[in-house]
Amino acid sequence: MADLFDADDGQTELSLEERKGLKPAYITYRSELNREEQENILKAEKWLFARRLATPDLVDQGFICQVHKRMYGDVWDWAGKYRQSDRNIGVDYYRIHQEMRVFVDDVRYWIEHAIYPADELAVRFHHRLVWIHPFPNGNGRLSRLLADRLVVNLGEPRFTWGRAHLVSAGDVRARYVDALRKADAHDLAALLAFARS
């Protein structure tokens, strides 16, 4: 059985300090951690889609942190707080606040001036948030959930994201990670296709 904190390809490794932030003391297996996180995420998803939110309100640093806290706050004490250490992906931790400000301003501009069609705008939002990687963990799940709400606000149906749970390793997750890597190289086609697959 894998260690509780072993990360699959494309998942974030947690620092020792971040690992200490696990709230439920009974969790000893990855499957238990995934189950607790998923229950917390489902509550956050219900909360997010039950509210009337203006599109610009979705693109706010404080709101993004609030959604992350709602998604992981029952499981991690650092939920909703920007990471304090570097990763093998994402910007340097000391640049997160600056990059998030630029990101929020860019997305608001895209929305206000209808720079991209709804799907592309939401997928670009998703990719950029994953690329910044502001939180210790859960960045992909957070950005997919927020992109879903954003695309709905823009008049389109929710994305399907391969119709799979993307936390566990597998073919669908591998396609998703590959699409993210292509988007890193400025080729968004695979990620756009994956979002609607």
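As shown above, the structure is provided for reference.
Rules of the game
Residues numbered from 1 in each chain as written. Predicted model: local features only at pLDDT ≥ 70, side-chain atom pairs only at ≥ 80, totals over all residues. Heavy atoms only, no water. Axes fitted to C-alpha atoms, helices over the stretch in contact; angles between N-to-C directions. Helix = DSSP H or I, 4+ residues; strand = E, 2+ residues; numbered from the N terminus. Parallel < 35°, antiparallel > 145°, perpendicular 65-115°, else oblique. Contact = heavy atoms within 4.5 Å. Nonpolar A, V, L, I, M, F, W, Y, C, P; charged D, E, K, R; others polar. Core = buried A, V, L, I, M, F, W, Y, C linked by side-chain atoms within 4.5 Å. Buried < 20%, exposed > 50% of the residue type's maximum accessible area, 1.4 Å probe, protein only. Expected span 1.5 Å × (residues − 1). Arc of directions from axis to C-beta.

Asker: Please set out the packing of helix 2 (residues 30-49) against helix 4 (residues 61-72) residue by residue, giving values where relevant.
Answerer: The contact between helix 2 and helix 4 brings their axes to 6 Å, and the two run at 135°. In terms of their interaxial angle, helix 2 and helix 4 are classed as oblique. In this structure, helix 2 uses Glu 37, Asn 40, Ile 41, Ala 44, Trp 47 and Leu 48 to contact helix 4, whose residues at the interface are Phe 63, Gln 66, Val 67, Arg 70, Met 71 and Tyr 72. Within the contact of helix 2 with helix 4, the residues separate by chemical class into 8 nonpolar, 2 polar and 2 charged.

Asker: Would you mind going over the nonpolar core in detail, with residue names and values included?
Answerer: Formed by 57 residues in total, the largest nonpolar core has its most connected members in Leu 48, Trp 76, Phe 103, Phe 125, Leu 146 and Leu 191. Elements supplying a minimum of two residues to this core: helix 2, helix 4, helix 5 (96-112), helix 6 (118-132), helix 7 (139-153), helix 8 (171-184) and helix 9 (189-195). Examining the composition of this core, we find that 8 residues originate from one element, helix 6, more than from any other. Residue contacts for Phe 103: discarding those within four places in its chain leaves Ile 64, Phe 125, Arg 128, Leu 129 and Ile 132.

Asker: Give a detailed account of the environment of Arg 70, specifying residues and quantitative values.
Answerer: Mapped onto the elements of the fold, Arg 70 is located in helix 4. Separated by 25 residues in the primary sequence, Arg 70 and Glu 45 have C-alpha atoms spaced 8.7 Å apart. Not counting chain neighbours up to four residues away, the residues in contact with Arg 70 comprise Asn 40, Ala 44 and Trp 47.

Asker: Before we move on, could you go through helix 8 and cite the residues and values that matter?
Answerer: Residues spaced three or four apart along an α-helix face the same direction, because each turn holds 3.6 residues. The first and last C-alpha atoms of helix 8 sit 20 Å apart over 14 residues, in line with the 20 Å expected at 1.5 Å per residue. Among the residues of helix 8, those classed as buried are Arg 173, Tyr 176, Val 177, Ala 179, Leu 180 and Ala 183. Around the axis of helix 8, the buried residues are gathered within 155° of arc, so they sit on the same side. Close packing links the buried residues of helix 8 with helix 6, helix 7 and helix 9. His 186, located one to two residues past helix 8, shows a positive phi value of around 70°.

Asker: Quick rundown of helix 2? Include the residues and the values.
Answerer: With 20 residues, helix 2 extends 28 Å between its outermost C-alpha atoms, agreeing within 8% with the 28 Å of an ideal straight helix rising 1.5 Å per residue. In this fold, the buried residues of helix 2 make contact with helix 3 (55-58), helix 4 and helix 7.

Asker: Tell me what's going on with the packing of helix 5 against helix 6, and back it up with residues and numbers.
Answerer: Axis separation between helix 5 and helix 6 bottoms out at 11 Å; the angle between their running directions is 175°. One way to sum up the angle between helix 5 and helix 6 is to call them roughly antiparallel. Residues Glu 99, Met 100, Val 102, Phe 103, Asp 106, Val 107, Trp 110 and Ile 111 of helix 5 lie in contact with helix 6, whose contacting residues are Leu 121, Arg 124, Phe 125, Arg 128, Leu 129, Trp 131 and Ile 132. Taken together, the residues of the contact of helix 5 with helix 6 sort by class into 11 nonpolar, no polar and 4 charged.

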